Amino acid sequence: MSLAQFVKNQGGFANVSISYKRGETLLAWAMISPWVAGFLLLTAFPMVASLALSFYKWNILSPPEYVGLANYHKLFFSDPLPMHSLKITVIFSLASIPLNIVFGLVIAMLLNTNIRGLAVFRTIYYLPAILSGVAVAILWQWIFSSDFGLLNTALRIFGIEGPAWLGSKIWVLPAFVIMRLWSVGGGMIIYLAGLQAIPTDLYEAAEIDGANWWQRIFSITLPMLSPTIFFQLITGVIFTMQIFTETFIMTDGGPANASLFYLLYLYRQAFQNFKMGYASALAWVFFLAILLLTIILFATAKFWVYYEAESEEDN
Amino acid sequence: MSSRGVGLSARQIISKILVYALLAIGSIVILLPLQWMISTSLKPLSHVFRFPPEFWPQQVVWENYPNALTQLPFDRYFANTMFIVILCLLGELIVSSLVAYAFSRLRWRGRNTLFIVVLATMMLPRQVTLIPEFIVFKQLSMIDTFWPLILPSWFGNPFYIFLLRQYFLTHSRELDQAAVIDGCSRFGVFWRITLPMSKPVLGAVAIFSFQFHWNDFFRPLIFLLDQDKYTLALGLRFFQGTYGTEWNSLMAVSLVVMLPLIIVFFFAQKHFIQGVVFTGYK
Amino acid sequence: MSKKINMSRRDFLRLTGMSSLAAGVYTLPGIGSVVAQDEQEVTIFFWDGPPLIGIREKALAPFDDAYPGCTLNFTSVPGGPNSGYNDKLFTSLAAGIPPDVFIIEIGLLPQFLKDDLLLDLKPYVDADDYDLTQFPDLAIEAYTHEGGIYGMPDNVASIAIFYNQDLFEEAGAMLPTAQWDDEAWTVDDFFNSCEALTKTDANGNTTQWACDVTGWDKVWQTWVRIFGGQLVDDPFFPTECTLNEPGAVEGLQFYADLRWEYGFAPRPEAMAEMGTGALMQTGRLGMFYSGSWSFPNYREADFNIALGHYPSGPGGRANYVYYYPLVVPKTTQAPECAWNLLKFFNGPAMETIIREGGLQGTSFAEQEKWFVTDPLPPANKHVMLDAARNFVAPDPLLTNFGEITQIMQAQIDLLLIGEERDAKVVCDEIVRQVNPLIQEGQWRTG
């Protein structure tokens, strides 16, 4: 069974049993033509080139040298760090993605009410997402500082002696999870947009039927929002697994490789250790893993994602 | 909404208070670190790490702002950034919605497989595609121009294509069919029905796109050489020096660079996303 | 319904229209500037931020007039070596359009030499009878390969002990020496001072710490040397890692025990400048390791701050000095101008860089003149010069020393965060992992 058939058969997409219309197909290709052009012009060659380079030894400075499967062999059998870094990246993602989805949703629902100061609250919650890069990294370094940081100073008020956070093998991952959670407001506008798409007459009808607040959340809001939640899940997987900047600036993978996320390890090989070929192999293994995970998640979609536009044919 | 009563019941009041309380607690958690940034930006360098932290600096140095901002040609960086950001935003709005429409509301063979390909382009770490991509742009004689920064946006961004696709899929198909019966073309449906109905999500795309390109550090770093073409994000990154960091200047510049984004968001969010009334009462 | 739709579409058009207008008034800058036929353009990559970026640019501005026929094209890449500089440099190298002069981390130099990518500056040095003795010997030695010289120093940056003189005097502790060949200020003196400086409150919580136990590689490596240890058997021609020999193990054990056995040092931090640097600035730490780049942080300190040397131990006194080179790729179209630029940089420009940029600079004469006589705190700035003059421990010249450092660092972390208390265990593991890599990283024979 081909990949495409697998995806199709597993649902996740619309049920495509109907016949295709020629005009519609032509229009579709016309509409996606910019993407196709961009893919062929700018994306395809770099992707293929990196795949090819994964079979070479290449230090960037001199011509590459063909080594067959040596990079992949090293990755799976002799170098313990790729699997270590993949493991901590997965652990981090398993904690971070669900927390961000749930908190993002709750905040969006609170900020989708008619209250005074809505614009101000929304802006405040969005602030951390606006602020990026170095300033945030330095800000959090100060917050997590073990002996004079904001967090441990606050904990001391409650009589708790906080851990060394970024200086601790155990606490460095929770610290990054907390840091990501702080900027959860970034996803808020996506949820808000999703909430806007829910027709208000659904709620009115439910109210007339006597449904209470919780019932409305579970029978209307969540199902109607499921395409948005699905989006957050998929992009959450793709981008959370690629966590890089925080650890690059703040801990450089430490202490004792406890925050050596996969992409940081890959980066080191590519731009610090003159091993671009090995980095390419690391990248393609990662790519295939994420792709597989995405396809599986798409396959689960038919059980829990509700698309209004696709519901008619299913009935 | 007719079902809404005139007065508020005790339950409604409690739920309102609860919403406010939750929002206020969250706001404090978010604002406290930011307050440190503000207060740091106004301190002399030697007072940055006073302990316990000063909520407001004992000695306020307003000059930190002009001092930090005149160290680099930030006006030039601002103009460059605006130019790049606006062109990227336009491209991403227009092209991504076109592509997303084809992937959600039209039916054609290979649609779902190709969509996975679209998503897949986000999954390969950029570290390994950077050099080949740089070589492509070199072949196109576009190094040290804004083209490598702008052009990709006009070929559709997978993140926004996916977001818009999800949103378009929530619209009922009946509307399209009614419009087609009224003599509207399929493209007309996209332009006259789907897009106007998608104002909130287009707003989200616009905000995201603006913010992303505003803050993007990596691509300008790689593709620009001439310092006159640098962007705000590059200017900001300068302050993380090789030999030590001027914390107060860094914070001052970060806050100033962030300000236009805050203003854009404050006004844009209201325009695109109205508050609705279904939660938090009864 | 239809009215609403029309309104919305107008909004959409208005948004796009307004944006196009805004974009239209601003035009794309052209590619590069037009340079006259007989002019050679020489591009240089630095990695400074403000205020240094402006100072370097200003210092190099007279270059075009000093060397007619050469035009300088100055590019400063934001973020430094750990945040984007390498990405940009390697990308331009791979695409075949590197700058004519660029700075690199010392650890990258052997790979560049092995692949024969750099221009040999020796003919230019000889032709101009250029004085190399103005620079630290070991720096030039590290840039030398098979008789050729492949770099000129960008900046010499020593590490020294910064100490809070008030805390020392209050505790009656012996001060770190400012004289390199001082008989006193031994490891024992250091230990006694630490004991005197550390203070705890009634509950046993530390309120004042004596010293820092940072994960900074150059600091723990210096402690290894103080106790007579070495990273490798011979830094110029390394064949094996010697970190598990008694001196090295003893040094690391002493260093880690300062924190975990005796409680002289605060808990580990990811970034020294944010954590312990802050303790230092607020007068709660006696000693701290840093370089001249930290001077501005102490200009207005409300305590007396001074510089001292590391203590001496069984291996004598030790230190570390950064000596990143400026190099010229072989492929440059403007080798003469590149050499002129290097000379100008280490000549007329250096005064401005030291005096205004606060850098230690490259030449000893200029350091004596500007850096040491500066009356601002900290005191004893000549310590930095002594450290550079007595600098004896270059990084092992291996093509993969960066990778080896990553491996050592992960193990040393275990020791410094208290996961492993026995330095021998950590050192044995380092030797086990690093030795095969040393074989891999050898690129020339003695």
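The structure we're discussing is the one just above.
All of these numbers come straight from a predicted model, not from anything done at the bench.

Novice: Please clarify how the sheet that holds strand 14 (residues 325-327) of chain C should be interpreted in this entry.
Specialist: In any sheet, the strands associate via hydrogen bonds between backbone groups, in a parallel or an antiparallel arrangement. All names here are of chain C. Spatially, 2-1-3-14-6 is the arrangement adopted by the 5 strands of the open sheet, whose pairing is mixed. Pairing within the sheet leaves two strands with one partner each, and these edge strands are strand 2 (70-76) and strand 6 (152-153). Pairing between strand 1 (residues 40-46) and strand 2: 7 bridges, direction parallel. Bridge pairing in strand 2 links I44 to F74.

Novice: Can you help me understand the packing of helix 4 (residues 81-110) of chain A against helix 11 (residues 213-240) of chain A in this one?
Specialist: Relative orientation and spacing of two packed helices are given, respectively, by the angle between their axes and the distance between those axes. Residue and element names in this part refer to chain A. Where helix 4 contacts helix 11, the axes come no closer than 10 Å and their chain directions differ by 145 degrees. Handedness of the crossing formed by helix 4 with helix 11: right-handed. Between helix 4 and helix 11, the residues in contact are S93, S96, I97, N100, I101 and G104 and I229, Q232, L233, G236, V237 and T240, respectively. Classifying every residue of the contact of helix 4 with helix 11 gives 5 nonpolar, 7 polar and no charged.

Novice: Help me understand the sheet that holds strand 8 (residues 160-164) of chain C in this model?
Specialist: All names here are of chain C. Strand order across the open sheet formed by 3 strands is 11-8-12, with antiparallel pairing between neighbours. In the strand order of this sheet, the two ends are held by strand 11 (287-290) and strand 12 (305-308), each with one partner. Across the sheet, the axes of successive neighbouring strands diverge by a mean angle of 35 degrees, strand direction being ignored. The pairing of strand 8 with strand 12 spans 4 bridges and is classified as antiparallel. Of the residues in strand 12, the one forming a bridge with N164 is I305.

Novice: Help me understand the nonpolar core, please; the structure alone is not making it clear to me.
Specialist: Note on soluble globular proteins: their nonpolar side chains tend to be buried together. Judged by nonpolar contacts, the single largest core of 304 residues is most densely connected at V99(B), L163(B), V205(B), L252(C) and L341(C). Every residue in contact with V205(B), bar those within four places of it in the chain, is listed here: E92(B), L93(B), S96(B), Y160(B), L163(B) and L164(B).

Novice: Would you explain unusual backbone geometry in this entry?
Specialist: Trans peptide bonds make up the majority, and among non-glycine residues the majority have a negative phi. Cis geometry marks the peptide bond from G254(A) to P255(A), where omega comes out at -10 degrees. Summarising the element assignment, P255(A) is placed in the loop between helix 12 (245-250) and helix 13 (262-272). Cis rather than trans, the peptide bond between P377(C) and P378(C) has omega equal to 0 degrees. One non-glycine residue, D116(C), lies in positive phi territory at about 55 degrees. Tracing the sequence through the fold places D116(C) in the loop between helix 5 (109-114) and helix 6 (122-128). Despite not being glycine, D129(C) shows a phi value in the positive range, around 50 degrees.

Novice: How do you make sense of the interface of chain A and chain B when you look at a structure like this?
Specialist: Interfaces are frequently sized by the accessible area removed from exposure as the parts join. Each partner contributes to the interface: chain A provides 91 residues, whereas chain B provides 89 residues. With 17 residues, helix 2 (residues 22-53) of chain A is the single largest residue contributor to the side of chain A that touches chain B. Residue composition of the side of chain A that touches chain B, grouped by class: 65 nonpolar, 18 polar and 8 charged.

So, how was this worked out
Residues numbered from 1 in each chain as written. Chains lettered and ligands numbered in written order. Predicted model: local features only at pLDDT ≥ 70, side-chain atom pairs only at ≥ 80, totals over all residues. Pairing = 2+ DSSP bridges. Helix = DSSP H or I, 4+ residues; strand = E, 2+ residues; numbered from the N terminus. Axes fitted to C-alpha atoms, helices over the stretch in contact; angles between N-to-C directions. Left-handed = near helix turned anticlockwise from the far one by under 90°. Contact = placed C-beta atoms within 7 Å. Nonpolar A, V, L, I, M, F, W, Y, C, P; charged D, E, K, R; others polar. Core = buried A, V, L, I, M, F, W, Y, C linked by C-beta atoms within 7 Å. Buried ≥ 20, exposed ≤ 12 C-beta atoms within 10 Å, placed from the backbone.

By themselves, these observations are geometric and do not establish any function.
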